[in-house]
Amino acid sequence: MVSTEEPGAAADGGLREDGGLRGPGPRSAGIGAGIDYVGDGPPTYEAEPTALPAADPDDLGDLVADTVLDGARYGTWTLRAASLRGDSARYRGEPRRDFLLTARFGSGDDALLLVAMATGARATPGAHRAAAEACAWIGRAVGRSHRRLAEDIRAARRGDLKSGLHRLTARSLGRLLSLLHILRRRRIESCTSRCAPHH
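Residues numbered from 1 in each chain as written. Predicted model: local features only at pLDDT ≥ 70, side-chain atom pairs only at ≥ 80, totals over all residues. Heavy atoms only, no water.

Colleague: Just checking my understanding: could you explain the overall build of the protein chain for this structure?
Modeller: Looking only at helices and strands, the protein chain has 4 helices and 4 strands in total. Helices and strands appear in the protein chain in the N-to-C order β-β-α-β-β-α-α-α. Within the protein chain, the fraction of its 199 residues that count as buried is 20%. Sequence separation of at least 24 residues holds for 49% of the intrachain contacts in the protein chain that already meet a minimum separation of 6. (Helix = DSSP H or I, 4+ residues; strand = E, 2+ residues; numbered from the N terminus. Buried < 20%, exposed > 50% of the residue type's maximum accessible area, 1.4 Å probe, protein only. Contact = heavy atoms within 4.5 Å.)

If you want it as structure tokens, here you go:
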């Protein structure tokens, strides 16, 4: 966050009893308080990217951009979506774990806009792939039934929407758990083949 403090102005904008300008007061985490960070203390790492994730020359499609921006406008409604790598991931050269999906299904009054975001567990190899898989599966499920979902939204059928979203979330979790088991099995098989004694 960029400080909104005027150049040369005192942090509290007041005067001492003797008429002189007061010095900068203690900083507090709040909007408009003349601070350059949000939270209980300053960030541990620099805000600018430090290191890029290591790349595999045979799998360049697995690379993840540091920052993703997207947006659209429909009448008076404007969408602005962003996903960026955290400070610690930038410092450690780890990929962005978040995956952002923005998609339009249908057209005209039947159009449905989907904004989905998922994040993988910290310091977990392949976490960004799991996040991408979750968003892709949700996107396919919503896209295939977007007409019915659009009708439910227009008719304010909150109960149907809530139950449908719960089912979608449960199925997505199930798919991710299945993917996790497959990856673990492949890792074990790979380790077994490398560690097997040769005669």
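Anyway, onward from the coordinates.
Colleague: It is not clear to me how the pattern of salt bridges should be interpreted in this structure. Could you clarify?
Modeller: As a working rule, side chains carrying opposite charge can pair if their charged atoms are close by. What the rule picks out here adds up to 7 salt bridges. The salt bridge partner of Arg90 is Asp66, with a shortest N-O separation of 2.7 Å. One end of the pair, Arg90, is in helix H1 (residues 87–92); the other, Asp66, is in the segment before strand S1 (67–74), and 24 residues separate them in sequence. Residue class for Arg90 comes out buried when judged on its relative accessible area of 7%. (Salt bridge = Lys/Arg side-chain N within 4 Å of Asp/Glu carboxyl O.)

Colleague: Help me out: how do you make sense of helix H2 (residues 127–144) in this one?
Modeller: Each full turn of the α-helix corresponds to 3.6 residues, which orients residues three or four apart in the same direction. End to end, H2 covers 26 Å across 18 residues, agreeing with the expected 26 Å (1.5 Å per residue, within 8%). By the burial criterion, the buried members of H2 are Ala127, His128, Ala131, Ala134, Cys135, Trp137, Gly139, Val142 and Gly143. (Expected span 1.5 Å × (residues − 1).)

Colleague: Help me understand the confidence of the model for the protein chain in this model?
Modeller: Note: predicted coordinates in regions of low pLDDT should not be interpreted at a detailed level. Here the protein chain averages 76 in pLDDT, while 70% of its residues score no lower than 70. Put simply, helix H4 (residues 158–195) is where the protein chain has its lowest mean pLDDT, 71, and strand S3 (residues 98–105) is where it has its highest, 95. Segment residues 1–16: pLDDT under 50, and 23 contacts once partners within four positions in sequence are set aside and those in other chains are kept. Taken together, the stretch residues 18–32 has pLDDT below 50 and engages in 22 contacts with residues farther than four places along the chain or on a different chain. (pLDDT = per-residue confidence, 0-100.)

Colleague: Even after reading the chapter, I still don't get unusual backbone geometry, so can you show me in this structure?
Modeller: Residues apart from glycine generally show negative phi values, whereas peptide bonds are mostly found in trans. Its identity is not glycine, yet Ala156 carries a phi of approximately 55 degrees, on the positive side. Looking at Ala156, the relative accessible area reads 53%, which means it is exposed.

Colleague: Looking at this structure, how should I read the pairing of S3?
Modeller: It is a general feature of regular strands that their side chains alternate between the two faces of the sheet. Summarising the sheet, S3 and strand S4 (residues 112–119) pair through 8 bridges and their orientation is antiparallel. What sits directly across from Ala103, in S4, is Leu114. Counted along the chain from S3 to the antiparallel partner S4, the turn is 6 residues long, and its residue Gly106 has a positive phi close to 80 degrees. (Pairing = 2+ DSSP bridges.)

Colleague: Teacher, can you tell me more about the environment of His128 here?
Modeller: Mapped onto the elements of the fold, His128 is located in helix H2. His128 sits in the buried class, given a relative accessible area of 12%. When the C-alpha atoms of His128 and Val64 are compared, they prove to be 8.0 Å apart, with 64 residues separating the residues in sequence. Setting aside its immediate chain neighbours within four residues, His128 contacts Asp62, Val64, Pro95, Arg96 and Arg97. Here Asp62 takes part through its side chain, which lies 3.3 Å from a polar atom of the side chain of His128. (Polar contact = N/O pair within 3.5 Å; in protein donor to acceptor, adjacent residues only side chain to side chain.)

Colleague: Explanation requested: helix H3 (residues 146–154) in the structure shown.
Modeller: Those residues of H3 not exposed but buried are His146, Leu149, Ala150 and Asp152. Down the axis of H3, the sector holding all buried residues measures 160 degrees, keeping them to one side. A positive backbone phi angle near 55 degrees is found at Ala156, which sits one or two residues after H3. (Arc of directions from axis to C-beta.)

Colleague: Explain the nonpolar core here, please?
Modeller: Proteins that are soluble and globular tend to have nonpolar side chains buried together. If you look at the biggest cluster of nonpolar residues, it comprises 13 residues, and the most contacted ones within it are Leu101, Leu114, Ala116, Ala118, Cys135 and Val142. If you list the elements that add at least two residues to this core, you get S3, S4 and H2. Broken down by element, the residue count for this core peaks at 5 residues, all from H2. Setting aside residues no more than four positions away along its own chain, Leu114 makes contact with Leu101, Thr102, Ala103, Phe105, Gly139 and Val142. (Core = buried A, V, L, I, M, F, W, Y, C linked by side-chain atoms within 4.5 Å.)

Colleague: Hey, could you run me through the pairing of S1 in this one?
Modeller: Pairing between S1 and strand S2 (residues 77–84): 8 bridges, direction antiparallel. Bridge pairing in S2 links Tyr74 to Trp77. In textbook terms, the turn of a hairpin is the stretch between consecutive antiparallel strands, and for S1 and S2 this stretch comprises 2 residues, one of which, Gly75, has a positive phi near 65 degrees.

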